[in-house]
Amino acid sequence: MPRIDGRPKVTGQARFAADYPVRGMLHARPVLAMPTHARIERIDVAAALAVPGVVAVLTAADLPIATEGNDRVHEPLARTEILWAGQPVALVVAETSEAAADAALLVHVETTRLEPVVDLERAFAPGAARARLTRSIEETASGSVESQHAAVGGGTEEFTPDEPASDNVAARVGYRRGDVDAVLAASDVVVEGRFTTSWVHQGYLEPQVATAAVDEDGVLHVTSATQGTFHTRWELARLFGRPMAAVRVTGATLGGAFGGKYLIADPLAAAATLVVGRPVRVELTRNEDFRMSNPAPATLLDVRIGASRDGMLRGLQARLLCDAGAFAESSIEGIAAVLTIGPYRWDAHEVTGFGIETNRFGTGAYRAPGATQATFALEQLIDELALRVDIDPAELRRRNLVGADDEMADGTPWGSVGLADCLGRIADHPLYRGRESLPDGEGVGIAAGAWPGSRQAASAICRLEPDGRITVVTGVVDMSGTMTGFAAIAAEGLGLAAEDVSVVAADTASAPRSPFSGGSVVTYSMGRAVERATAVLREKILGYAALALEIDVRDLEIVDAMVRPRGTPERGISLADIGERMAGWSPNHEPLEGHAGSIPPGLAPLTVAHLVHVRVDGESGAVSVLDHVIAQDVGRAINPAIIEGQLHGGATQGLGWALSEAMLFDDSGQLLTGTFLDYALPTADASPRFETLLVEVPSTDGPYGARGIGEGPVCGAAAAVANAVHAATGVRYRSLPMTAPRIWRGMQEARRVDAADQTGLPVAPARPISLTGVRSSSRPRERP
């Protein structure tokens, strides 16, 4: 089914957030902090105000913020303390973008430098310097440590870890069941490792953009590249103390987002227009976007697992340190803790997670937040266990999978998921069966992944138009082709072709309440609302036709845009005829519209299995991914073409995590990778051959059994690459990204160990490396 948004995007007709002309619009340019951590003493704006065309230079004290809070929304400009290099400290508003840019260079910010807190482990240690002086320890401790789901099932206890730590710890979460120390001590095989991941940017092509104006009715109207119009409206109304009806948000066509477009530019544009009284656009440059963004945070994970000789998993113990950056809002430590336990049964487990403030960005979501990091650690250790007990890695995973009645660590039911089928499809694949016959330097690896899914309240409108077509109205921002999915759902319910359905994404003043686009929630929650609204419309259409045809409604059906009696289709009436009768000045029937809402009673977890084939250059360490097979449980494939695109895109992002992507900093905390020239996204010429295998195990509450799609393909992708690299080199890599220099150093270290084993001579000290390769074998080996 062709995407509804395909033609306008391919032909250049689509309008993105920066493409809308606004009469009298001003342009705003942020002034970004240079120090990593500092106290603001004075901001001198005189020289900037003298630039021709400059209307205002705003600081935090100028913004009409009506409520208090320590989150990023409440601090769109730094108040008294700079929390990271790149934090906005002022906003220049001018008649042209050029004047605003020139004036921004003339804003002088006087500061007193403070000790930067940029090392995650040091920030966690007791007695560490504070990353944020303006937040008291009482306020910090009040940060959310509650899980999103009550931990009531499976004997799991949710607790708050009491490990001594610094005042930078903003959140603590823990899950445990049974005596994990005793279980690990009794395990036949135990493997463990320390895993690190870097800050990773979402890599969207369109930078952050928002335009704000106050209309003739006094309503603040924001047009934004946002993932959630109703969420943005609520936050802005709360921030500026305005009634909900006095804030209107329109979601523009998105040029990518992946979890990163939430309230970065919007509060700045809205505050500026409320101050200056004219429309204001905030359109970030690429470098500003990198420095101001809310990327996926760095993590440090210590994980230890044990199993019996027959390959049954016994115990898991883990401690997760998650960089919360400047605002400690993402709660990634809770999600990562649940997913570190994974979709497996354990006799006992204990996982503690900590969110730690540092002088980095405010953290955000990025496609399955916490899942890439958690599966990178867990799935490598699962592979090591399989090698140690000499059991096929796919088989070991399958025999330990959760069942439908099992629960996640936080008490959320897993329900019926198709991971066993996904792993079965991977195990039967010729590439996996032939992995032992690959040439030297090549290897195949697998990994499983899971995402708990999400659910939100949603509502939709479905109506019959005078020409017989159907219009579906929602307030969802289409981030990945979901509008095409809604058309398919409505068409299925009414016996039409999908091209007979139009889908409209309205603004918050006219749309039914809709969820934000993220967490694989849209098809699952919003799709069910569309399905229900379609069913209501169907009943109304059949009811009208029953009156018009004088036939019992139970004897009618809708087929090929016709309402017809069963057995005598020639007596039918077309939807176009019904629509025409409903038009005009004096219709004799209520409008044929279906209104419905939905809140799924439970989640529909996503599960996936990856099979990756790599070649590693022994001379340079460069990794080429040759083949990537993704088997994912989609519940019901509403539109296989869009699903295939989602799987390709998510897997490619997983390859970026694995091999190239990292936001790098110097020792003082300055970002070194602030453009796409420096930040290494995977490119088309390096993409592998993809193969997608769709598994359909229907969810209980999704539309026609469908599950969300988007988060799944990134879960486990980096782990599968790591396992394939190990198969090719014999070396385990514990840090992301696995760049060519790091791969090469790991192989050199392994060769030194092998040489020492053969000669019996001591190994000369090797120079330190940032990512250590640890040789895996059937017996433990000490690192040199």
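Structure shown above.
These numbers come from a predicted model, not from an experiment.

K.L.:
Before we go on, may I ask you to explain the overall build of the protein in this structure?
P.N.:
In terms of regular secondary structure, the protein is built from 20 helices and 29 strands. The globule rule puts the C-alpha radius of gyration for 784 residues at 28 Å, and the 28 Å found for the protein is close to it. Taking the principal axes of its C-alpha atoms as reference, the protein extends roughly 100 × 75 × 50 Å. In the protein, 79% of the contacts between residues at least 6 apart in sequence involve partners at least 24 apart. Total accessible area computed for the protein in this model is approximately 30,400 Å², and 50% of it derives from carbon and sulfur atoms. Counting 70 positive and 97 negative side-chain charges, the protein places the averaged centre of each group 2 Å from the other.

K.L.:
What exactly am I supposed to notice about the sheet that holds strand 18 (residues 458-464) here?
P.N.:
Pairing between the strands of a sheet is mediated by backbone hydrogen bonds and can be parallel or antiparallel. Sheet architecture is open: four strands sit in the order 20-19-18-24, paired in mixed fashion. Every interior strand has two partners, whereas the edge strands, strand 20 (501-505) and strand 24 (593-598), have only one. In this sheet, neighbouring strand axes are inclined to one another by 20° on average, regardless of whether the strands run parallel or antiparallel. The pairing of strand 19 (residues 470-474) with strand 20 spans five bridges and is parallel. In the sheet register, Val473 faces strand 20, and the bridge partner there is Val504. Lying on the sheet, helix 16 (residues 522-549) is in contact with strand 18, strand 19 and strand 24; it crosses strand 24 at an angle near 150°.

K.L.:
Looking at this structure, I do not really get the sheet that holds strand 7 (residues 157-159). What am I missing?
P.N.:
The sheet built from six strands is open, its strands ordered 7-8-16-15-14-9 with mixed pairing. Two strands bound the open sheet, and with one partner strand each, they are strand 7 and strand 9 (189-197). Between one strand axis and the next, the sheet turns through 10° on average, direction left out of account. Bridging between strand 9 and strand 14 (residues 299-307) involves nine bridges; their strand directions are antiparallel.

K.L.:
Would you mind going over the nonpolar core with me for this structure?
P.N.:
The nonpolar side chains of soluble globular proteins are, as a tendency, buried together. Grouped together as the largest cluster of nonpolar side chains are 112 residues, with contacts concentrated most on Ile305, Trp346, Val614 and Met738. With ten residues, the single largest contributor to this core is helix 11 (residues 371-389). Sequence-distant contacts of Met738, defined by excluding residues within four places in its chain, comprise Ala658, Leu659, Ala718, Val721, Ala722, Tyr733 and Ile743.

K.L.:
Looking at this structure, how should I read unusual backbone geometry?
P.N.:
For the bond running from Leu736 to Pro737, omega is 0°, close enough to zero to count as cis. The backbone of Asp560 shows a phi angle near 50°, a positive value even though the residue is not glycine. By the element assignment, Asp560 lies in the loop between strand 21 (556-559) and strand 22 (562-565). Residue classification places Asp560 among the exposed residues on the basis of a relative accessible area of 63%. Non-glycine residue Ala561 carries a positive phi angle of around 65°. Tracing the backbone shows Ala561 in the loop between strand 21 and strand 22.

Rules used throughout
- Residues numbered from 1 in each chain as written.
- Predicted model: local features only at pLDDT ≥ 70, side-chain atom pairs only at ≥ 80, totals over all residues.
- Heavy atoms only, no water.
- Helix = DSSP H or I, 4+ residues; strand = E, 2+ residues; numbered from the N terminus.
- Rg over C-alpha atoms; globule rule 2.2 N^0.38 Å.
- Contact = heavy atoms within 4.5 Å.
- Areas by Shrake-Rupley, 256 points an atom, 1.4 Å probe, with all protein chains shown as cover.
- Lys, Arg positive; Asp, Glu negative; His and termini not counted.
- Charge placed at Lys NZ, Arg CZ, Asp CG, Glu CD.
- Pairing = 2+ DSSP bridges.
- Axes fitted to C-alpha atoms, helices over the stretch in contact; angles between N-to-C directions.
- Core = buried A, V, L, I, M, F, W, Y, C linked by side-chain atoms within 4.5 Å.
- Buried < 20%, exposed > 50% of the residue type's maximum accessible area, 1.4 Å probe, protein only.

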